[in-house]
Amino acid sequence: MLHTLSVPIIQAPMAGGVSTPKLAAAVSNAGGLGFLAGGYKTAEEMRKEIMTIRTLTDAPFGVNVFVPNEEDVDMEALLRYQQVLEKEAERFSVTLGEAKWDDDDWEAKLSVLYEEKVPVVSFTFGCPSSDIIAKLKDNGSFVIVTVTSTEEALIAAQQGADALCVQGLEAGGHRATFRNDETADENVSLLVLLQQIREAVDLPLIAAGGIMHGRDIAAVLAAGASAAQLGTAFLRCPESGANPLHKNALIDPQFQATAVTRAFTGRPARGLVNRFLIEYDKLAPAAYPHIHHMTKHLRKAAAQASDPQMMSLWAGQGYRLAKDMPAGELVRLLMKEVKEVVEGMNRLL
């Protein structure tokens with residue numbers, strides 16, 4: 001599948017409304033691979049987006065879904081965190097959501113993926129069983145599993161994945177770790193992780209994390225990746241569904257850095273450092289999706305009040321390089337930059 005792409009660029013699936021059908025279609029129409037994000041949607045909402053993108057492109061596209069993990073949660077710590085956040089909720093005149101576990105409509109979404117025969121399916125937060133992967137492959141889907149370590153790569157290869165999306169520590173948004181515990185904090189930079197996994201498994205690799213320029217794409221391709229996956233680079237595109245406050249924050253000088261935090265969702269995720277992250281990072285326990293549900297009304301109210309200091313502003317380390325231009329034009333610019341890098345190297349050689 002990856003070798004059939006005319007452009008080795010994949011638009012990362014960004015949940016929460018960012019990865020719209022228009023964005024994914026624009027990237028696929030430009031020769032890359034656009035992705036829809038199934039996370040935080042019902043199965044039928046996901047199906048509608050699949051139907052929509054098929055009206056916008058005849059090219060292959062992907063759909064990403066979250067693998068549910070029911071892990072032990074420190075309920076006392078979760079309750080303490082909820083009590084601390086009550087004052088913020090009161091300030092915005094909202095109530096905190098129920099801190100609950102759910103499986104993000106897992107079985108129903110699998111059924112949609114089977115029925116719709118989605119060209120490319122990727123998984124985050126874990127690896128599905130070999131039976132699920134085999135059924136998707138038999139149905140014509142190319143299956144990608146997102147990994148953050150050699151251990152995870154070996155598991156995904158053993159279960160039958162067609163390719164691996166290798167996520168380095170530079171990546172914006174959620175860390176794709178299979179477990180939500182202290183091991184999730186053991187982050188490795190992308191180029192190092194690519195080499196480690198390249199030695200361990202014989203599968204096509206997709207590089208993800210901090211890729212913003214053609215130079216970055218050229219570097220990961222030289223390191224053995226078959227394609228580069230970019231998320232933050234597409235955030236400011238007009239087709240992106242990111243909140244305008246989020247788009248503006250990427251170029252706002254008051255936001256000087258990114259950090260990984262569990263404060264917003266209970267899972268480690270990289271975003272712009274703002275007041276919420278600074279004040280609550282150390283208080284948030286490992287409790288996903290409990291904290292996601294608990295804070296979602298608060299984050300929505302902050303957006304409606306035009307307060308980016310209380311929003312989850314997911315972004316990778318290279319966020320300052322995000323460009324405000326149509327997604328198709330961005331893909332073409334990135335490939336022009338790749339070509340210039342390659343031609344420059346050839347002159348040196």
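The rules we used
Residues numbered from 1 in each chain as written. Predicted model: local features only at pLDDT ≥ 70, side-chain atom pairs only at ≥ 80, totals over all residues. Heavy atoms only, no water. Pairing = 2+ DSSP bridges. Helix = DSSP H or I, 4+ residues; strand = E, 2+ residues; numbered from the N terminus. Axes fitted to C-alpha atoms, helices over the stretch in contact; angles between N-to-C directions. Salt bridge = Lys/Arg side-chain N within 4 Å of Asp/Glu carboxyl O. Buried < 20%, exposed > 50% of the residue type's maximum accessible area, 1.4 Å probe, protein only. Parallel < 35°, antiparallel > 145°, perpendicular 65-115°, else oblique. Left-handed = near helix turned anticlockwise from the far one by under 90°. Contact = heavy atoms within 4.5 Å. Nonpolar A, V, L, I, M, F, W, Y, C, P; charged D, E, K, R; others polar. Phe/Tyr/Trp six-rings, centres within 6.5 Å; stacked < 30°, edge-to-face > 60°. Lys NZ or Arg CZ within 6 Å of the ring centre and 35° of its normal.

Let's talk about the sheet that holds strand β9 (residues 227-230)
In step 1: Taken in spatial order, the 8 strands make up an open sheet running β1-β9-β8-β6-β5-β4-β3-β2, and their pairing is parallel. At either end of the open sheet lies a strand with only one pairing partner, and these are β1 (9-11) and β2 (34-37). On average, adjacent strands in this sheet sit at an angle of 25° to one another, irrespective of strand direction.
In step 2: Bridge count between strand β3 (residues 61-66) and strand β4 (residues 120-124): 5 bridges; the pairing is parallel. In the sheet register, N64 faces β4, and the bridge partner there is S122.

Let's talk about the pattern of salt bridges
In step 1: Evaluation of the coordinates by the stated rule reveals 14 salt bridges.
In step 2: Two residues, K41 and E49, come together in a salt bridge whose shortest N-O distance is 3.7 Å.
In step 3: Residue classification places E49 among the buried residues on the basis of a relative accessible area of 18%.
In step 4: In this structure, E88 and R91 form a salt bridge, with 3.2 Å as the shortest nitrogen-oxygen distance. Of this pair, E88 and R91 are both found in helix α3 (residues 75-91), 3 residues apart, which corresponds to roughly one turn of the helix.
In step 5: The partly exposed category is assigned to R91, whose relative accessible area is 47%.
In step 6: Here the salt bridges share partners, and the residues they tie into one network are E44, R47, R54, E115 and E116.

Quick look at the packing of helix α8 (residues 214-222) against helix α12 (residues 327-348)
In step 1: Interhelical geometry of α8 versus α12 gives an angle of 60° and a closest axis separation of 7 Å. Regarding the angle of α8 to α12, the classification is oblique. In the crossing of α8 with α12, the sense of the turn from one axis to the other is right-handed. Taking contact as the criterion, the partners of G214, R215, I217 and A218 in α8 are, on α12, L334, E337, V338 and V341.
In step 2: For the contact of α8 with α12, the per-class residue count stands at 5 nonpolar, 1 polar and 2 charged.

Digging into the packing of helix α4 (residues 106-116) against helix α5 (residues 130-138)
In step 1: Across the interface, α4 lies against α5 with an axial gap of 10 Å and an inter-helix angle of 25°. Taken together, the axis directions place α4 and α5 in an arrangement best described as roughly parallel. On α5, the residues that touch W106, L110, L113 and Y114 of α4 are I132, K135 and L136.
In step 2: Looking at the contact of α4 with α5, its residues break down into 6 nonpolar, no polar and 1 charged.

So, the packing of aromatic side chains
In step 1: Summed over the entire model, instances satisfying the criterion amount to 8 aromatic pairs.
In step 2: With a centroid separation of 6.5 Å and 70° between ring planes, the pair formed by Y81 and Y280 is classed as edge-to-face. Linking Y81 in helix α3 with Y280 in helix α10 (residues 275-280), this pair joins segments that are 199 residues apart in sequence.
In step 3: A centroid spacing of 4.6 Å and a plane angle of 20° characterise the contact between F264 and F276, whose relative ring orientation is stacked. Highlighted residues: F264 in the loop between β10 (258-261) and β11 (269-272) and F276 in helix α10, separated in sequence by 12 residues. Like F276, F264 is buried.
In step 4: Linked through ring pairs, Y81, F264, F276, Y280 and W314 together constitute an aromatic cluster.
In step 5: Directly above the aromatic system of F125 lies the positively charged group of R267, at a separation of 4.0 Å from the ring centroid.
In step 6: The ring of Y288 carries the charged tip of R267 above its face, separated from the ring centre by 5.8 Å.

Nothing here speaks to function; it is geometry throughout.
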